[in-house]
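Here are the chains, one letter per residue:
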Amino acid sequence: MGKITRIEQQKKKKNRVNIYIDGEFSLGLYKDTVIKFHLYENKEITPSEISQIKEFEEFADAKEKAINYISYRERSRKEIKDYLTSKGIGNEIAKQILVDLEKANLVDDHKFASAWIKDRSKNNPRGNFALKMELKEKGIGDSEIENILQMVDEKENALKAFEKAVRKYG
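Below, the structure is looked at part by part. (Residues numbered from 1 in each chain as written. Predicted model: local features only at pLDDT ≥ 70, side-chain atom pairs only at ≥ 80, totals over all residues. Heavy atoms only, no water.)

## Some details on the overall build of the chain
Just so we agree on the cut-off: In this description a helix means any DSSP run of H or I spanning at least four residues, a strand means any run of E spanning at least two, and both kinds are numbered starting from the N terminus. For this measure, only C-alpha atoms enter the radius of gyration; the expected value for a globule follows 2.2 Å times N^0.38, where N is the number of residues. Working definition: with a 1.4 Å probe on protein chains only, accessible area under 20% of the residue-type maximum means buried, over 50% means exposed, and in between means partly exposed. We call two residues contacting when some pair of their heavy atoms lies within 4.5 Å. To measure how exposed things are, a 1.4 Å probe is used in the Shrake-Rupley method; for residues, cover is taken only from the protein chains shown. Two residue types count as positive, namely Lys and Arg, and two as negative, namely Asp and Glu; His and chain ends fall outside the count. Every charge is mapped to an atom, namely NZ of Lys, CZ of Arg, CG of Asp or CD of Glu.
Of regular secondary structure, the chain possesses 8 helices and 4 strands. From first element to last, N terminus to C terminus, the chain shows the α and β order β-β-β-α-β-α-α-α-α-α-α-α. Taken against the 2.2 N^0.38 rule, which gives 15 Å for 170 residues, the C-alpha radius of gyration of the chain at 23 Å runs more than 25% over that of a compact globule. Per-residue burial over the chain gives 35% buried out of 170 residues. Contacts in the chain between residues at least 24 apart in sequence constitute 49% of all its contacts with a sequence separation of at least 6. Surface summary for the chain: the accessible area is close to 10,900 Å², and the carbon and sulfur share equals 51%. Between the averaged position of the 34 positive side-chain charges in the chain and that of its 30 negative side-chain charges there is a distance of 5 Å.

So, in structure tokens, the structure goes:
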């Protein structure tokens, strides 16, 4: 059993705090974690509570990474899962994060595929076969791809690609 002797805000990351137990640095936590576990100075804390806090903090940190990753552009479920795996985050935590992100409507493979197709048609036109391969690589299912590709005017994309090549190569 230890006692929280000090809680101080981190200098570089304003949404995090350092926790000192019995006068020694113990943990760096998000402020949300401090609130969730009702941590305050002079509180007695057991090793099992510290273990629970570390587990929750690992989840919160992984979720923060996922949210940051999807903030740049829409991502597919597979892209997010691969990203979390590359950051050393376990499979169970990654699955739970994906569930949370879907509940918050931050991850939707249909929306992602639609946006991908629109972006490609506008900026870098491709044929349906190339689009299909790109979406498969992003983890989109075959039936979803077929539905999305019905929106694509392949002749228009070919014309755009041709015009772009003429401008580029003369």
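## Let's talk about the nonpolar core
So the rule is basically this: Note on terminology: a nonpolar core comprises buried Ala, Val, Leu, Ile, Met, Phe, Trp, Tyr and Cys residues joined through side-chain atoms within 4.5 Å.
By size, the foremost hydrophobic cluster in this structure holds 15 residues, and its most contacted members are Ala66, Ile80, Leu84, Ile93, Ile97 and Leu101. Among the secondary structure elements, those contributing two or more residues to this core are α2 (47-70), α3 (77-86) and α4 (91-103). Core analysis: the next-biggest nonpolar cluster, separate from the first, contains 12 residues, Val17, Ile19, Leu27 and Leu29 among them.

## Structural notes on the sheet that holds strand β4 (residues 44-45)
Threshold: Here, strands pair whenever DSSP counts at least two bridges between them. Helix axes are fitted only over the stretch in contact, all axes being lines through C-alpha atoms; the angle between N-to-C directions runs from 0 to 180 degrees.
Across the sheet, which stays open at both edges, the 4 strands sit in the order β3-β2-β1-β4 with antiparallel pairing between neighbours. Two strands lie at the open edges of the sheet, namely β3 (24-30) and β4, each paired on one side alone. In this structure, strand β1 (residues 2-9) lies alongside strand β2 (residues 16-21), joined through 5 bridges in antiparallel fashion. Across the sheet, the residue bridging to isoleucine 4 is isoleucine 21, located in β2. In the packing of α2 onto the sheet, the strands contacted are β2, β3 and β4, and the crossing angle to β3 comes to about 40°.

## Description of the side chain of glutamate 79
Take glutamate 79: it is sitting in helix α3. Setting aside its immediate chain neighbours within four residues, glutamate 79 contacts Tyr69, Arg73, Glu74, Phe112 and Lys138.

## Brief notes about the packing of aromatic side chains
Keep this limit in mind: Only Phe, Tyr and Trp rings take part, Trp by its six-membered ring, and two of them pair if their centres are within 6.5 Å. Stacked means planes under 30 degrees apart, edge-to-face means over 60, and tilted covers everything else. Here, over-ring charges are defined by two tests on the NZ atom of lysine or the CZ atom of arginine: distance to the ring centre within 6 Å, and angle to the ring normal within 35 degrees.
Across all of its chains, the model carries 4 aromatic pairs by this definition. Ring geometry for tyrosine 20 against phenylalanine 25: centres 5.8 Å apart, planes inclined by 75°, an arrangement best described as edge-to-face. What makes tyrosine 20 buried here is its relative accessible area of 13%. Here tyrosine 69 and tyrosine 83 contribute two aromatic rings whose centre-to-centre distance is 3.9 Å and whose plane-to-plane angle is 5°, an arrangement assigned as stacked. Of this pair, tyrosine 69 sits in helix α2 while tyrosine 83 sits in helix α3, placing them 14 residues apart in sequence. The class for tyrosine 69 is buried, based on a relative accessible area of 16%. Its end group placed over the ring of tyrosine 20, arginine 6 keeps NZ or CZ at 4.1 Å from the ring centre. In this arrangement the basic side chain of lysine 36 is found over the ring face of phenylalanine 37, its NZ or CZ atom lying 5.8 Å from the centre.

## Topic: α3
Because an α-helix packs 3.6 residues into every turn, residues spaced three or four apart end up facing the same way. The condition is simple: Along the arc lie the directions from the helix axis toward the C-beta atoms.
Those residues of α3 that sit buried are Glu79, Ile80, Tyr83 and Leu84. One side of α3 holds all its buried residues, which, seen down the axis, span an arc of 130°. Summarising the contacts, the buried residues of α3 are in contact with α2, α4 and α5 (109-123). In the stretch just after α3, glycine 88 is the one whose phi turns positive, near 80°.

## Comments concerning the pairing of β3
In this structure, β2 lies alongside β3, joined through 6 bridges in antiparallel fashion. Across the sheet, residue valine 17 finds its bridge partner in β3, namely leucine 29. Following β2, the chain reverses through 2 residues before pairing antiparallel with β3; aspartate 22 in that reversal takes a positive phi of roughly 50°.

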